[in-house]
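Structural characterization, general
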2 protein chains.
Amino acid sequence: MDFIDLQINGFWLFLYLSQVKTPIPVQAESPKGKSECYGVFCLTYDLKAEEETKSWKKLINIAVSGAAGMISNHLLFKLASGEVFGPDQPIALKLLGSERSIQALEGVAMELEDSLFPLLREVSIGIDPYEVFQDAEWALLIGAKPRGPGMERADLLDINGQIFAEQGKALNASASRNVKVMVVGNPCNTNALICMKNAPNIPAKNFHALTRLDENRAKCQLALKAGVFYDQVSNMTIWGNHSTTQVPDFLNARINGLPVKEVIKDHNWLEEEFTEKVQKRGGVLIQKWGRSSAASTAVSIVDAIKSLITPTPEGDWFSSGGDGDYELVKEVIFDDYLLSRIRKTEAELLAEKRCVAHLTGDVSVRKTKSGIAFCDLPEDTMLPGEM
Amino acid sequence: MDFIDLQINGFWLFLYLSQVKTPIPVQAESPKGKSECYGVFCLTYDLKAEEETKSWKKLINIAVSGAAGMISNHLLFKLASGEVFGPDQPIALKLLGSERSIQALEGVAMELEDSLFPLLREVSIGIDPYEVFQDAEWALLIGAKPRGPGMERADLLDINGQIFAEQGKALNASASRNVKVMVVGNPCNTNALICMKNAPNIPAKNFHALTRLDENRAKCQLALKAGVFYDQVSNMTIWGNHSTTQVPDFLNARINGLPVKEVIKDHNWLEEEFTEKVQKRGGVLIQKWGRSSAASTAVSIVDAIKSLITPTPEGDWFSSGGDGDYELVKEVIFDDYLLSRIRKTEAELLAEKRCVAHLTGDVSVRKTKSGIAFCDLPEDTMLPGEM
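In the annotation of an unreviewed UniProt entry, the entry for chain A reads Malate dehydrogenase, and the organism field reads Corchorus olitorius. Under Sequence similarities (unreviewed entry), UniProt gives the following word-for-word description of chain A: "Belongs to the LDH/MDH superfamily. MDH type 2 family."

Now the structure itself:
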């Protein structure tokens, strides 16, 4: 009963959960390298001893992968400034890089030192996820391999899938039992599934795939078309895969509290142009700006985290790829147009799931001779700007 | 009486003010291009009509030059998020680019759209400072030409000086009468002087050169040496030029409220290594991270603005290149070491001032045949990482 599932969840990845039965046993692996504190962040301190800090909350550990990349270069400074978790929440940043990026990661740690953020009390860097994820209460998984020239989406699913399988195992072994995981690295939905299936001891509801940038872009495009400021658009949902089959839902969205279709009378634009405008945004930005949209992606990660830790404004909602706890929206509506598009992105997610069955422990799927799952993706649905 | 001036000002550029007599007449120039609103920011809105926004302050206009560059890419999102001016201060961003960067500037405006910042109500972009600076209440002048291969510091002073002379004239003609100007583009002290001398109708005390990144870096290095967290270091001053002659003042700085020299007994380290550590930071960061330190520079601009608009914590102070209004620090102390180093950076600033006399209207300085001031800078004092 797919649509019932959809309706009571409001989140997409749930379909996976009801179908994959075989959890993967957790393997103990030998650590490949220590996670080490950096510079001034190696100093000990006592928050309770200082007048300004003794009313602060208990320190939380936030792990970030791809920490030397451009998205992180925006996000880390937002986390450290208190913009995300608030002015009385001290934080420790645990930065995961690679052998190739470890020097750059030191540079990031130096810039964090030089920023003198009072709330930022610890920074450690490392290349072994088992070390870096130790006691993490949040894991923001941003790092992923970009698609190289001539690489098929199936190859990309496999390469990144292996990264997220390993990180899932590491989270399962090292992180807090209630760690919240936000997967940003693409293909984020399937990466989130792989990560979750490899971390059976962490509640499935804690895994999220970032759809918030699409949600924000969709709100902006509706505002532009309606001629209203963007803060008047609410109840936006992104259904399905973060790919060209994704479904920005204008049926349920509202403008000034009214259904979008009552405000924007040009329904042809909604059905034929709106989704494309949202999806092409990343590609247009690369053309204009010469690089991908790191700043607004970081903002959307902040928005997504804030949505998970603060009450949603009365009457509004947000969407996130993942199983849902929180309060699931009941009043979502569907029409034939929306359902047909959701079916298409569902089919794609299920196909991607079959492609990564060797990484999720799903034994019911046909394998190739090399032991990799048989992968049958009919078309290239990578979003422009995310090659 | 240089040292009296220093002591009662706490700021360096004052020396300039007492010596340059000839204000430059403001020339009306024909605009080269319109400043235009961008996308969703072209929509009209009524803050007083909405429940959430009707208690907000009046919109302020913030102009930013070099708006398509990496420092701005961090700073603009901090301004828009409310981190700098507070959660009830709506803002308009007026972004100045160049013909070469105008496409990238559109990309920046698109990312600002997609970020849905409630406080960000207007964004306009343009390449004519007379248009972009219209009614600006803050002007954050970040854009500057980097030094090309084989270029002398004198050439750099002249090229950037011309940019800042034009921007000073544009501010004088278009901006709010009380616009606050923060010069970031290097050489920032002399650029600030040129800008100020070309804007005689704007109070001289409103011009600032950014020394805050050096101040922050100096605090961090003292903290590291003393083995305390960086929030325990206060009363840090950066005297003089933003160059290798700059003087991070450990005589007046305090750690846990005590003079640095009482806490750090290794006075040889303070005199021989500390300053170099602060100055080499930018160069080390470029080596590690592969690009210059945009994120921490943006943080330091935020810190500098906040210091100007909020009361300084009791007993602490901050420094800024520029004439001082605010409350000038009286209790600064000097010793022979500090005075000799301040004299050296003073001499450099005065030499730089002579080099740009053709841009500031100083008629008492010897000119070359081409009408450019005779420039005699004895050595290369560019800070590492700022070539």
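Structure's up, so let's keep going.
This part takes up the overall build of chain A. Counting its regular elements, chain A contains 13 helices and 12 strands. Relative to its full complement of 387 residues, chain A shows a buried share of 59%. Of the contacts made within chain A by residues no fewer than 6 positions apart, 78% connect residues no fewer than 24 positions apart. Carbon and sulfur atoms provide 52% of the accessible area of chain A, an area that totals close to 15200 Å².

Next up on the list: the interface of chain A and chain B. If you look at the interface, chain A gives 53 residues, while chain B gives 53 residues. For the pair chain A and chain B, the two sides together bury roughly 4900 Å², of which 61% comes from carbon and sulfur. Taken together, chain A and chain B are joined by 10 salt bridges. With a closest N to O distance of 2.6 Å, B:E113 and A:R281 form a salt bridge. Put simply, chain A and chain B have 26 residue pairs in polar contact (both at pLDDT 80 or more) between them. Elements with a contribution of two residues or more to the side of chain A that touches chain B: α3 (70–81), α4 (102–114), β4 (120–126), α8 (212–226), α10 (267–289) and α11 (294–309) of chain A. Among the elements that make up the side of chain A that touches chain B, the one with the highest residue count is α4(A) (9 residues). Grouping the constituent residues of the side of chain A that touches chain B by class yields 25 nonpolar, 13 polar and 15 charged.

Another aspect to go through is the relation of the copies chain A and chain B. When chain A is fitted onto chain B, the two copies agree to an RMSD of 0.0 Å after a turn of 180 degrees and an axial shift of 0.0 Å. Here the two chains are linked by the operation of a two-fold rotation axis.

The next point concerns the nonpolar core. Core analysis: the largest hydrophobic core is formed by 67 residues, its most contacted members being A:L222, B:I62, B:L79, B:L93, B:L95, B:L112 and B:L120. Look past the residues within four positions of B:L95 in its chain and what remains in contact with it is B:V64, B:A67, B:L76, B:L105, B:V108, B:L112, B:V123, B:S124, B:I125, B:G126 and B:V132. In terms of nonpolar packing, the next biggest core, distinct from the first, is built from 66 residues, A:L79, A:L112, A:V123 and B:V260 among them.

This next bit is on the state of the cysteines. All names here are of chain A. The tally for this structure, following the rule as stated, stands at 4 disulfides over all chains. Disulfide pairing is shown between C37 and C42; the S-S distance is 2.0 Å. Looking down the S-S bond of the C37 and C42 bridge, the torsion is 105 degrees, so its handedness is right-handed. Residue class for C37 comes out partly exposed when judged on its relative accessible area of 42%.

Let us now look at the sheet that holds strand β11 (residues 254–255) of chain A. Within a sheet, neighbouring strands are paired by backbone hydrogen bonds and run either parallel or antiparallel to one another. Residues and elements named next belong to chain A. Here we have 3 strands laid out as an open sheet, ordered β8-β11-β12, and antiparallel in their pairing. Because the sheet does not close on itself, it has two edges, and the strands there are β8 (233–234) and β12 (258–259). Relative to β11, β8 runs antiparallel, the two being bridged by 2 bridges. Bridging across to β11, V233 finds its partner in I255.

Reading the values: rules and limits
- Residues numbered from 1 in each chain as written.
- Chains lettered and ligands numbered in written order.
- Predicted model: local features only at pLDDT ≥ 70, side-chain atom pairs only at ≥ 80, totals over all residues.
- Heavy atoms only, no water.
- UniProt positions renumbered as here; feature names shortened; annotations may be inferred.
- Helix = DSSP H or I, 4+ residues; strand = E, 2+ residues; numbered from the N terminus.
- Buried < 20%, exposed > 50% of the residue type's maximum accessible area, 1.4 Å probe, protein only.
- Contact = heavy atoms within 4.5 Å.
- Areas by Shrake-Rupley, 256 points an atom, 1.4 Å probe, with all protein chains shown as cover.
- Buried area = accessible area lost by both parts, 1.4 Å probe.
- Salt bridge = Lys/Arg side-chain N within 4 Å of Asp/Glu carboxyl O.
- Polar contact = N/O pair within 3.5 Å; in protein donor to acceptor, adjacent residues only side chain to side chain.
- Nonpolar A, V, L, I, M, F, W, Y, C, P; charged D, E, K, R; others polar.
- Least-squares fit on C-alpha atoms with pLDDT ≥ 70 in both.
- Core = buried A, V, L, I, M, F, W, Y, C linked by side-chain atoms within 4.5 Å.
- Disulfide = S-S within 2.5 Å.
- Pairing = 2+ DSSP bridges.

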